[in-house]
Amino acid sequence: MNATFRHDLLQLNELLQQTASYAGSFLSRINELKVNLPVPSFPATVLPEKGMGAEAALEHFDNRFGDYLTGNAGPRYFGFVTGGVTPAALTGDWLAATFDMNPADKSAVSFHIETETIDLLKQLFGLPDEMLGSFVSGATMSNFTGLATARQWLGRQQGVDVDIAGASALKDVKVLAATPHSSIAKALSMLGLGRNALVKLPTLPGREAVDVSALQAWINAHPGEPFIYVASAGTVNTVDFDDLAAIAALKKEHNFWLHVDAAFGGFAAASPRYKHLLRGWEAADSVTIDAHKWLNVPYDAAMIFTRHPLLQLAVFQNAGAAYLGDPAENFNYINYAPENSRRLRSLPAWFSLKAYGAEGYRDMVEQNIRLAQLLGERIQKSERFQLLAPVRLCVVCFTLNHEPRMLAEHVQLFLQKLNKRGLVYVTPTQYQGVSAIRAALVNWRTTEQDIDKVMEELETVAADIAHLSAIIENN
Ligand SMILES: *Cc1c(COP(=O)(O)O)cnc(C)c1O
């Protein structure tokens, strides 16, 4: 063994203590850490011929990057839909790396941990027992996996085995959706179906949810033609939900695949007050749910649930590897999802679900929604802002109270200034043709005091912008 390895092996306990104390110090500051920091141009780095050992590497890391670490996992990072990390999830994540087990093989405990975690999640979400679930790296890969399985199904409808003949053997692929997440088009590109396969259906007036009568009309115009429908269960701008019960009813009469993208909206199912939003989703052929969003486990984890293990097997089987045996007989996760080897991605979720239970998740989800609604109310009352959509769940979609002329420029300037100050992070969007701002609240740490701080900050920066623009107008 190389001398530096040997040294670190002998020092392992001390190293773990040092790492824990470094992590602890970071987390003790997370409420105050800036959520956004500019980085300098780091000087080029060289691969040392002789390593410095882990303790020195930690010190070197801290010297080089420590001052630029941001509070993305903190209570006021409202960009994208970024959850934090619960204490128990962190325990699970550390241990996942510690054990370094690949949860593929049925004979290993790591396999049982993933299966058990999937069972816990089905209970949290009220998803049917018969669905097969597995962990993937994020909702994009989950959408990809669901749509790859849908593609195989579509092939069967046309008498084609897509896994063998390829996507080019398919005729007329139509993937319908009203307000699909950007990752749906990305998945269609990766699947060789092409972004053009996406057919956008109209939404209900003033909404992001599909107009189900438009779906019905499309079906009437294409009698008997099998297709894929991608339902939104939580759009990113206004967390709008397609009427899944109405779509499920259509599915009884017509031949289509229903994929539900419930990346974060799925967590409405954890609360009796909001679970009606998902009514009908149990009829889906495939369901995407992210874990690194509202489950508050670290990146990178999401789940795919499907009702069609055999179609999944056709797509993803790692066939021909003799050492794995017959995939139809020996269940092994590698035959049902894109990756072969994986980390024990379920462990953070297992820990967090056991630690906080249904009640903990219900409370967190309801608390985040309450805080988002509070922020929405304050924005609505403010002279400087305009709320663009009702706060349905955990996202507040708003803009500056400004005449349409120059609104886009002002929003851009506002966001630049706000995010640079680093107290809160929000992201730009377009909502119904208007330059908008969105704040997503899905972190277990966020409290009402954070909303107070954020509102004050929003007002300060908006006043600043108004002041600047008055100077410009007067010159
Ligand atoms: C975040 C999100 C995705 C993509 O998730 P990643 O985890 O970033 O891959 C897909 N769909 C919806 C609705 C999302 O909110």
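All of these numbers come straight from a predicted model, not from anything done at the bench.

What counts and how
Residues numbered from 1 in each chain as written. Predicted model: local features only at pLDDT ≥ 70, side-chain atom pairs only at ≥ 80, totals over all residues. Heavy atoms only, no water. Helix = DSSP H or I, 4+ residues; strand = E, 2+ residues; numbered from the N terminus. Buried < 20%, exposed > 50% of the residue type's maximum accessible area, 1.4 Å probe, protein only. Contact = heavy atoms within 4.5 Å. Pairing = 2+ DSSP bridges. Axes fitted to C-alpha atoms, helices over the stretch in contact; angles between N-to-C directions. Parallel < 35°, antiparallel > 145°, perpendicular 65-115°, else oblique. Left-handed = near helix turned anticlockwise from the far one by under 90°. Nonpolar A, V, L, I, M, F, W, Y, C, P; charged D, E, K, R; others polar. Polar contact = N/O pair within 3.5 Å; in protein donor to acceptor, adjacent residues only side chain to side chain. Patch = residues over 30% accessible without salt bridge, like charges linked within 9 Å, V, L, I, M, F, W, Y side chains within 5 Å. Areas by Shrake-Rupley, 256 points an atom, 1.4 Å probe, with all protein chains shown as cover. Salt bridge = Lys/Arg side-chain N within 4 Å of Asp/Glu carboxyl O. Near = heavy atom within 4 Å. Lys, Arg positive; Asp, Glu negative; His and termini not counted. Charge placed at Lys NZ, Arg CZ, Asp CG, Glu CD.

**Student:** Mind laying out the overall build of the protein, listing which residues take part and the relevant values?
**Tutor:** For the protein, the helix and strand inventory stands at 14 helices and eleven strands. The C-alpha extent of the protein, read off along each of the three principal axes, is 70 × 65 × 45 Å. Here the protein holds 475 residues, and 50% of them are scored as buried. Put simply, of all contacts in the protein between residues at least 6 apart along the chain, 72% involve residues at least 24 apart.

**Student:** Can you explain the sheet that holds strand E6 (residues 286-290)? Please cite residues and give values.
**Tutor:** Here we have seven strands laid out as an open sheet, ordered E1-E7-E6-E5-E4-E2-E3, and mixed in their pairing. A single partner strand is all that each edge strand has here, and the edge strands are strand E1 (132-136) and strand E3 (198-200). Within the sheet, the average angular offset between the axes of one strand and its neighbour, ignoring direction, is 20°. Across two bridges, the pairing between strand E2 (residues 175-177) and strand E4 (residues 227-232) is parallel. Bridge pairing in E4 places Leu176 opposite Tyr229.

**Student:** Describe in detail the packing of helix H12 (residues 347-381) against helix H14 (residues 448-473), supporting the description with residues and values.
**Tutor:** At a minimum axis distance of 10 Å, the contact between H12 and H14 shows a crossing angle of 30°. With respect to each other, H12 and H14 are oriented roughly parallel. Here the hand of the crossing between H12 and H14 comes out right-handed. Counted together, Leu371, Leu374, Leu375, Arg378 and Ile379 of H12 and Glu448, Ile451, Asp452, Val454, Met455 and Leu458 of H14 form the full contact between these two elements. Split into classes, the residues belonging to the contact of H12 with H14 amount to eight nonpolar, no polar and three charged.

**Student:** Which residues make up the side chain of Asp450, and what are the values?
**Tutor:** Mapped onto the secondary structure, Asp450 falls in helix H14. Given the relative accessible area of 5%, Asp450 is considered buried. At 2.9 Å, the side chain of Asp450 and the side chain of Arg76 are in polar contact. In terms of polar contacts, Asp450 uses its side chain to reach the backbone amide nitrogen of Thr447, at 2.9 Å. Residue contacts for Asp450: discarding those within four places in its chain leaves Pro75, Arg76 and Arg445.

**Student:** Can you lay out a nonpolar patch on the surface for me, pointing to particular residues and giving the numbers?
**Tutor:** Together, Met1, Phe5, Leu9, Leu12 and Leu16 line one region of the surface with nonpolar side chains, adding up to about 570 Å² of accessible area. Counting only elements with at least two residues in the nonpolar patch, the list comes to helix H1 (3-10) and helix H2 (12-28). Along the chain, Leu16 falls in helix H2.

**Student:** Can you tell me about the site of the ligand, naming the residues and giving the values?
**Tutor:** In the vicinity of the ligand, 14 residues are found, and the nearest of them are Thr140, Asp261, Asp290, His292 and Lys293. The contact in question runs from an oxygen atom of the ligand to an N or O atom on the backbone of Ala139, over 3.0 Å. Burial of the ligand by the surrounding chains reaches 84%, relative to a free accessible area of 380 Å². Take the shell around the ligand: its biggest share by element is three residues, from helix H6 (residues 139-157). Residues of the shell around the ligand, tallied by class, amount to four nonpolar, seven polar and three charged.

**Student:** If you had to explain the pairing of strand E7 (residues 302-306) to someone new, which residues and values would you point to?
**Tutor:** For E7, a buried count of five out of five residues is recorded, marking the element as mostly surrounded by other parts of the structure. Residues Ala302, Ile304 and Thr306 of E7 are buried on one face, and the alternating residues Met303 and Phe305, pointing to the opposite face, are buried as well. Note: E1 against E7, five bridges, orientation antiparallel. Residue Ser134 lies in a different strand from E7, and its bridge partner there is Ile304. Two elements, E6 and E7, share five bridges in a ladder whose sense is antiparallel. Note on E7: the bridge partner recorded for Thr288 is Ile304.

**Student:** Residue-level account of the sheet that holds strand E10 (residues 427-431), with values.
**Tutor:** Read across the sheet, four strands follow the order E8-E9-E11-E10 without closing on themselves; strand pairing throughout is antiparallel. Every interior strand has two partners, whereas the edge strands, strand E8 (385-387) and E10, have only one. The sheet shows a mean angle of 45° between the axes of neighbouring strands, taken without regard to direction. As judged from the five bridges shared by E10 and strand E11 (residues 434-440), these two strands associate in the antiparallel manner. Residue pairing across strands places Pro428 opposite Ile437, the latter belonging to E11. Helix-sheet contacts for H12 involve E8, strand E9 (395-400) and E11, and the interaxial angle to E9 is about 15°. On top of the sheet, helix H13 (residues 407-421) reaches E8, E9, E10 and E11; it is set at about 30° to E11, its chief contact.

**Student:** Which residues make up a negative patch on the surface, and what values go with them?
**Tutor:** Taken together, the side chains of Glu14, Glu55, Glu59, Asp62 and Asp67 present a region of like negative charge at the surface. By residue number, the principal contributor to the negative patch is helix H3 (residues 54-65), which donates three residues. Mapping Glu59 onto the fold places it in helix H3.

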